[in-house]
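# Report on the structure
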Amino acid sequence: MPAQALSEITEHHAAAPLPDYQGGGIVNLMASIAGAFGGDPGPYPPLDALDGAWLRAHRNVVLFVIDGLGYEWLKRAGPGSALFRHTVGPITSVFPSTTASAITTFLTGVAPRQHGMTGWHVYIETLGTVVAVLPFRARTGAPRASTSRWHAPAIFDQTPLPNRIPARSTVFVPKRIAGSAYNEAHRGAGAVRPYRSLPGAVAGLCEALGRGGGRHYAYLYYPDLDKAAHECGIESPQARRRLTEVDAAYRSLLDGLRGTGTVVIVTGDHGFIDIRPEHRIELGEHPALA
């Protein structure tokens, strides 16, 4: 590797932010949300950027997680968006800052060192194999969830957040993943509302929270920005189109929930940095390696 490239990589890693678990990260956001409902906040302090009394004063809390939405990219790609205009500031992800690890933190309120999901592929000792945890299948074969050993709730043994708060909970996730073993294990007492489109999810969420009937926690997960960034790059037109769609959904959500005593919290699970072409290895060009 050329010395210049090595120097660039070393400097990049030296500047990379470490996760802040003492009041500036997503673990602290989840502690704040649990505490707002009078529930168990877990082992982490609340988020410094959120006023606990202000949060407790709201009847409902909506957590809208946009997979792949990084603060620096939002600042570049959507400076005129409603999302950026309402931004309070950046928070850090978990370590490792990857979807499987961070989403599990949103669902359990604890960091990867507690929940054990340290990446997309994890070796699970009780199963004796490496598992892709979100689709919950063996890395080298078909799903084996029908066997008694592949019982997801027994393996994912952290308490889901809906089980730690004295409030009604609803989990809005895309229809294609709503019934997965991972989601079933982590929704806890939350009711799952599958959705086919983001506008449909917003309509369903507004309808659910508009009924009244006590306090309500709703979790809305949107994965398609992450998908566009992986396939086309975070600086691509496809990723920016997803941001436009998300921003429109966010504005609809605010309009639809006006007057319901609801606070809407929007965040990402991690961000993206595109790799320059000269630093990429395209597997399609190396069939033997692929």
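Refer to the structure printed above.
A brief look at the structure comes next. Predicted model, so just to flag it, every value in this text is computed and none were measured.

## Considerations on a nonpolar patch on the surface
On the surface, Ile281, Leu283 and Leu289 cluster together into a nonpolar patch covering about 340 Å² of accessible area. Tracing the backbone shows Leu289 in the segment after β8 (262-268).

## Quick notes on the sheet that holds strand β3 (residues 129-132)
Ordered in space as β2-β3-β4, the three strands form an open sheet in which the pairing is antiparallel. One side of each edge strand has no neighbouring strand; the edge strands of this open sheet are β2 (121-124) and β4 (137-138). Strand direction decides the pairing type here: β2 and β3, joined by four bridges, are antiparallel. Looking at the pairing, Tyr123 lines up with Val130 of β3.

## Comments concerning helix α13 (residues 237-257)
Look at α13: 30 Å from first C-alpha to last across 21 residues, which is about the 30 Å you get at 1.5 Å a residue. Trailing α13 by a residue or two, Gly259 shows a phi angle of about 90°, which is positive.

## Comments concerning the environment of Arg176
Tracing the chain through its elements places Arg176 in helix α9 (residues 175-178). Taking relative accessible area as the criterion, Arg176 reaches 59% and is therefore assigned exposed. Linking Arg176 and Arg196, residues 20 residues apart in sequence, is a C-alpha distance of 8.2 Å. Apart from residues no more than four positions distant in its own chain, Arg176 is found in contact with Pro223 and Asp224.

## So, the nonpolar core
Grouped together as the largest cluster of nonpolar side chains are 49 residues, with contacts concentrated most on Ile33, Leu63, Tyr217 and Tyr219. Looking at which element gives the most residues to this core, the answer is helix α2 (residues 26-36), with seven residues. Setting aside residues up to four positions removed in sequence, Tyr217 forms contacts with Met30, Ile33, Phe37, Val61, Leu63, Leu161, Ile165, Arg168, Ser169 and Thr170. Within the second largest apolar cluster, 33 residues are counted, among which are Phe172, Leu198, Ala201 and Ile234.

## Some words on the sheet that holds strand β7 (residues 216-222)
Taking strand neighbours across the sheet as the criterion, the five strands line up as β6-β5-β7-β1-β8 in an open arrangement whose pairing is parallel. Because the sheet does not close on itself, it has two edges, and the strands there are β6 (191-195) and β8. Taking each pair of neighbouring strands and ignoring which way they run, the sheet shows an average axis angle of 15°. Two elements, strand β5 (residues 168-174) and β6, share five bridges in a ladder whose sense is parallel. Within β6, the position partnered with Pro174 by the bridge is Tyr195. Contacting β1 (60-66), β7 and β8, α13 crosses the sheet at an angle of about 165° to β8.

Rules behind the numbers
- Residues numbered from 1 in each chain as written.
- Predicted model: local features only at pLDDT ≥ 70, side-chain atom pairs only at ≥ 80, totals over all residues.
- Heavy atoms only, no water.
- Patch = residues over 30% accessible without salt bridge, like charges linked within 9 Å, V, L, I, M, F, W, Y side chains within 5 Å.
- Areas by Shrake-Rupley, 256 points an atom, 1.4 Å probe, with all protein chains shown as cover.
- Salt bridge = Lys/Arg side-chain N within 4 Å of Asp/Glu carboxyl O.
- Helix = DSSP H or I, 4+ residues; strand = E, 2+ residues; numbered from the N terminus.
- Pairing = 2+ DSSP bridges.
- Expected span 1.5 Å × (residues − 1).
- Buried < 20%, exposed > 50% of the residue type's maximum accessible area, 1.4 Å probe, protein only.
- Contact = heavy atoms within 4.5 Å.
- Core = buried A, V, L, I, M, F, W, Y, C linked by side-chain atoms within 4.5 Å.
- Axes fitted to C-alpha atoms, helices over the stretch in contact; angles between N-to-C directions.

The values are spatial; any link to function lies outside them.
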